[in-house]
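Observations on the three-dimensional arrangement
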Amino acid sequence: MITKHSGDFKWDNVDVLPYKEDGNHFKSITRQVLFCGDGDLPVEFRYFDVGPGGHSTLEKHVHQHAVMIIRGKGTVMVGDQITEIGCQDIVHIPPLTWHQFKADRDDYLGFLCIVNHDRDRPQRPGTGSDVDEICVSEEIREFIRY
Ligand code: MN
């Protein structure tokens, strides 16, 4: 089966969905489910589009992500590392590793993301001690939005 790209990072018969249910822990981001597998390929293949200055949720979970940037540029935090990212870069989010994606102030950041179909719910920083656990450097303290 073929799903044709219909322009501007949208695909035929693929809905542009809210990133998550309501919240103020993310900004200017949409989600599209491009492929939902089963059998020996129990994965979801998604596309996330982050508008200029937007960001994903600061979170961690047991399930892993494999991500490839296909639009614009931005910055990602994975654990204790902050890295500038752009097209064709690949990001692996290991289990239980805090992470957050941000688009540049003047550019979009669009990325493909594979996850297991059966996965645990993301955890967000819930207490002051969580935030201190995340902030292993001043750079990270300034980077994160939650
Ligand atoms: Mn995640």
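Further up the page is the structure itself.
Everything in this summary refers to the structure shown in the same document. Small disclaimer: the values here were computed from a predicted structure and weren't measured. (Residues numbered from 1 in each chain as written. Predicted model: local features only at pLDDT ≥ 70, side-chain atom pairs only at ≥ 80, totals over all residues. Heavy atoms only, no water.)

**As for the overall build of the protein chain**
Looking only at helices and strands, the protein chain has two helices and ten strands in total. Secondary structure elements in the protein chain, listed N-terminal to C-terminal, are β-β-β-β-β-β-β-β-β-β-α-α. A globule of 146 residues ought to have a C-alpha radius of gyration of about 15 Å, and the protein chain, at 15 Å, matches this closely. In terms of principal-axis extent, the alpha carbons of the protein chain reach across some 45 × 35 × 30 Å. (Helix = DSSP H or I, 4+ residues; strand = E, 2+ residues; numbered from the N terminus. Rg over C-alpha atoms; globule rule 2.2 N^0.38 Å.)

**Focus on the packing of aromatic side chains**
Across all of its chains, the model carries six aromatic pairs by this definition. When the centroid spacing of 5.8 Å and the interplanar angle of 80° are considered together, the rings of Tyr 19 and Phe 48 count as edge-to-face. Of the two residues, Tyr 19 sits in the loop between β3 (17-18) and β4 (27-36) while Phe 48 sits in strand β5 (residues 43-55), which places them 29 residues apart along the sequence. By relative accessible area, Phe 48 is classed as buried at 5%. In this structure, Arg 71 is placed above the aromatic ring of Tyr 108, and the distance from its NZ or CZ to the ring centre is 3.9 Å. Lying across the ring of Phe 143, Lys 102 places its NZ or CZ 4.0 Å from the centre. (Phe/Tyr/Trp six-rings, centres within 6.5 Å; stacked < 30°, edge-to-face > 60°. Buried < 20%, exposed > 50% of the residue type's maximum accessible area, 1.4 Å probe, protein only. Lys NZ or Arg CZ within 6 Å of the ring centre and 35° of its normal.)

**Section: unusual backbone geometry**
Not every positive phi belongs to a glycine, and Phe 9 is a case in point at roughly 60°. For Phe 9, the location among the structural elements is in the loop between β1 (5-7) and β2 (10-11). With phi around 50°, Leu 96 is a residue other than glycine that occupies positive phi space. A relative accessible area of 49% places Leu 96 in the partly exposed class.

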